[in-house]
Amino acid sequence: GVARQTVRAGLGVLVTEGLIVARRPRGYFVREREHMIYRPQQKSRPRPAVPEMDRFSEQIVASGRKPSYAIEVALIEAGADLAERLRVDPSSTVVARRRVRFINGEPTNINDSHFPIDLVRDSEIMLPAYLPRGTDQVLVELGYPQHRAIDEILVRMPTPDEIHRLGLGPGTPVAVHFDTGYTVDGRPVQCAVNVLPGDRHRIVFERHWA
């Protein structure tokens, strides 16, 4: 009982909000999205025994879904957030391993790790490829084992870059998890920035008492 243009406009709004997906020529379908359980404490647990898998892949495969990544390495300006956590000048250059994680082909979250360039300049961390033993182990081999970490979580609206990388609809907030690792003498050697869309994640902390 309405004009075709009105229907198209309504479908466009639902696509933008992430509620439906267009699968031409079959039509529009309700998006099926199962929330990922995000456990910040999981990083301190051992990596999976299978070299091809990290903790994220292991979790997603166990739930019967398919994980994948898009990885790139870039030299970026530290900016205020990274400069504060890595104790470098905001205008200095840091190495960024930029990853978007996917579940069943859908972008799920951002996992970008950042390093002072003088620590990792000639290492495998500079290569845009999956590292089976993980960046933490590469840092150990470079002489910078991490002794402790500080986790910070804040909630805000996404940046234009995050909207683009994650395909976010209007009005979708994100949780940002800063995970900064330190050597035993207190030097920050890595800052991971995890961006978690609010419509795709449930953050779970687990605690134990002696």
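Colleague: Mind laying out the pairing of strand β8 (residues 174–182), listing which residues take part and the relevant values?
Modeller: In terms of burial, β8 is largely enclosed, as nine of its nine residues are buried. As paired strands, strand β7 (residues 148–156) and β8 are joined by nine bridges and run antiparallel to one another. Within β8, the position partnered with arginine 148 by the bridge is tyrosine 182. Pairing between β8 and strand β9 (residues 188–197): nine bridges, direction antiparallel. Of the residues in β9, the one forming a bridge with valine 174 is proline 197. Between β8 and β9, which pair antiparallel one after the other, the connecting turn spans five residues, and glycine 186 there sits at a positive phi close to 90°.

Colleague: Run through the packing of aromatic side chains, naming residues and quoting values.
Modeller: Throughout the structure, instances matching the rule amount to two aromatic pairs. Positioned over the ring face of phenylalanine 178 is arginine 85, at 3.8 Å from the centre of the ring. One cation-aromatic arrangement involves arginine 148 over tyrosine 182; the distance from NZ or CZ to the ring centre is 4.4 Å.

Colleague: A description of the environment of proline 158 should follow, citing residues and the corresponding values.
Modeller: Mapped onto the elements of the fold, proline 158 is located in the loop between β7 and α6 (160–166). Here proline 158 falls in the buried class, since its relative accessible area comes to 15%. Taking the C-alpha atoms as reference, proline 158 lies 8.9 Å from alanine 175; in sequence the two are 17 residues apart. The residues contacting proline 158, other than those within four sequence positions of it, are Ile163, Leu168, Thr172, Pro173 and Val174.

Colleague: Describe in detail the nonpolar core, supporting the description with residues and values.
Modeller: If you look at the biggest cluster of nonpolar residues, it comprises 16 residues, and the most contacted ones within it are Leu82, Leu166, Cys191, Val193 and Val195. Of all the secondary structure elements, the ones that give two or more residues to this core are α3 (79–86), β5 (93–103), β8 and β9. Beyond its immediate chain neighbours, meaning those up to four positions away, cysteine 191 contacts Leu82, Arg85, Leu86, Asp112, Ser113, His114, Phe178, Asp179 and Thr180. Listed in part, the 10 residues of the second largest apolar core include Ile117, Val120, Val138 and Val189.

Colleague: Help me get a handle on the sheet that holds β8, residues and values and all.
Modeller: Here six strands make up an open sheet; going across it, the order is β4-β5-β6-β9-β8-β7 and the pairing antiparallel. Looking at the sheet topology across the chains shown, the edges are occupied by β4 (67–77) and β7. Sheet twist, expressed as the average angle between the axes of neighbouring strands with direction ignored, equals 15°. Here strand β6 (residues 106–116) runs beside β9; their pairing, made up of five bridges, is antiparallel. Opposite histidine 114, over in β9, you have cysteine 191 as the bridge partner. Contacting β4 and β5, helix α2 (residues 55–62) runs over the sheet at an angle of about 155° to β4. Sitting on the sheet, α3 is in contact with β4, β5, β6, β7, β8 and β9, with an inclination near 135° to β9.

Thresholds applied
Residues numbered from 1 in each chain as written. Predicted model: local features only at pLDDT ≥ 70, side-chain atom pairs only at ≥ 80, totals over all residues. Heavy atoms only, no water. Buried < 20%, exposed > 50% of the residue type's maximum accessible area, 1.4 Å probe, protein only. Helix = DSSP H or I, 4+ residues; strand = E, 2+ residues; numbered from the N terminus. Pairing = 2+ DSSP bridges. Phe/Tyr/Trp six-rings, centres within 6.5 Å; stacked < 30°, edge-to-face > 60°. Lys NZ or Arg CZ within 6 Å of the ring centre and 35° of its normal. Contact = heavy atoms within 4.5 Å. Core = buried A, V, L, I, M, F, W, Y, C linked by side-chain atoms within 4.5 Å. Axes fitted to C-alpha atoms, helices over the stretch in contact; angles between N-to-C directions.

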